[in-house]
Amino acid sequence: MSDVNYISQLNGVLRKFADDENISSSHRSLYLAFFEIWNQKRFPKTIRINSKQVMALAKIRSRTTYHKLLRDLNNWGYLQYRPTTSPHMGSLIELFRFDTPSDQKMDNTYPVSEQVPVQKLVPFNKHDKHNINLLQTFCPKNEQVVIAYFKKERRSSKEAKKFYNFYESIGWKLNGHPITNWQACARNWMLKADEIKKDQNFKPVSANKDYLHTTKDKDYGQPL
């Protein structure tokens, strides 16, 4: 694939968004998440994506919403979505070109006095580093992986399912941030479960219990 002009491509698609009444802020967010991955991979013809990683970048929590937005972008000509049936391989996305011809040296969106040479790749900065960290979000592929790990740690399948269902329901996040090591999170879960079980089994000493087995109904009229 010929070199993609980062600034021109971004400006081109933003202009198209502005003219498209169907585009919402959620569509823009999802497209820009794909664009970020595309840029980091140096603009190949297609990119293989992980839906959970993309949803984290786009701040989309609902999988149903994610697929609806993705179908819209596909149907409206912004990208081509090629789903996969393999659970081990991500789907393919091809983002269509909206950049100006490669021989154009300046971006005409701005006045001449404000123009700067067009960059092919965005400079690496702290925002890119943050996004890369998000892309490295790691979570189990499915429930069976979690069950196998819990069995390895000599824990029950029931406990594994509780762990998986809980974190699956909140998008595999901890304190609002994507989990980067689900095994470590699982070990913490096990430790907390042991502490709760220990607390439940602890029986405080009763102040009213008679450990000397004395008779409370004593007849003081009887001689000693």
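Residues numbered from 1 in each chain as written. Predicted model: local features only at pLDDT ≥ 70, side-chain atom pairs only at ≥ 80, totals over all residues. Heavy atoms only, no water.

A. The arrangement of the overall build of the chain in detail. Counting its regular elements, the chain contains 8 helices and 5 strands. Starting at the N terminus, the α and β elements of the chain follow one another as α-α-β-α-α-β-β-α-α-α-β-β-α. For the chain, with 224 residues in total, the buried portion stands at 32%. At a minimum sequence separation of 6, the contacts of the chain that also span at least 24 residues come to 59%. Entry remark: accessible area of the chain is about 15,500 Å², with carbon and sulfur atoms responsible for 52%. (Helix = DSSP H or I, 4+ residues; strand = E, 2+ residues; numbered from the N terminus. Buried < 20%, exposed > 50% of the residue type's maximum accessible area, 1.4 Å probe, protein only. Contact = heavy atoms within 4.5 Å. Areas by Shrake-Rupley, 256 points an atom, 1.4 Å probe, with all protein chains shown as cover.)

B. Examining the sheet that holds strand E1 (residues 47–49) more closely. Pairing is antiparallel in the open sheet, where 3 strands are placed in the order E1-E3-E2. Lying at the two open borders of the sheet, with one neighbouring strand each, are E1 and strand E2 (79–82). Each strand of the sheet is rotated relative to its neighbour by a mean of 30 degrees, with strand direction disregarded. For E2 and strand E3 (residues 91–95), the ladder comprises 4 bridges, and the chain directions are antiparallel. Counterpart to Gln-80 in the pairing with E3 is Glu-94. Along the sheet, helix H4 (residues 63–75) makes contact with E1, E2 and E3, crossing E2 at roughly 125 degrees. (Pairing = 2+ DSSP bridges. Axes fitted to C-alpha atoms, helices over the stretch in contact; angles between N-to-C directions.)

C. Seen up close, the pairing of E3. Burial analysis of E3 places 4 of its 5 residues in the buried class, which makes it a mostly covered element. Sheet analysis places E1 next to E3, joined by 3 bridges and oriented antiparallel. Residue pairing in the sheet places Ile-47 in a bridge with Ile-93 of E3.

D. Representation of the pattern of salt bridges within the structure. Per the stated rule, a full pass over the model turns up 7 salt bridges. Among the ionic pairs, Glu-94 bridges to Lys-45, the shortest N-O distance being 3.1 Å. Residue Glu-94 is found in strand E3, and its partner Lys-45 is found in the loop between helix H2 (25–40) and E1; the two are separated by 49 residues along the sequence. Exposure remark for Glu-94: the relative accessible area of 12% places this residue in the buried category. On the basis of relative accessible area, Lys-45 is assigned to the partly exposed category, the value being 49%. Measuring nitrogen to oxygen at the nearest pair gives 2.8 Å for the salt bridge that ties Glu-94 to Arg-82. Of this pair, Glu-94 sits in strand E3 while Arg-82 sits in strand E2, placing them 12 residues apart in sequence. (Salt bridge = Lys/Arg side-chain N within 4 Å of Asp/Glu carboxyl O.)

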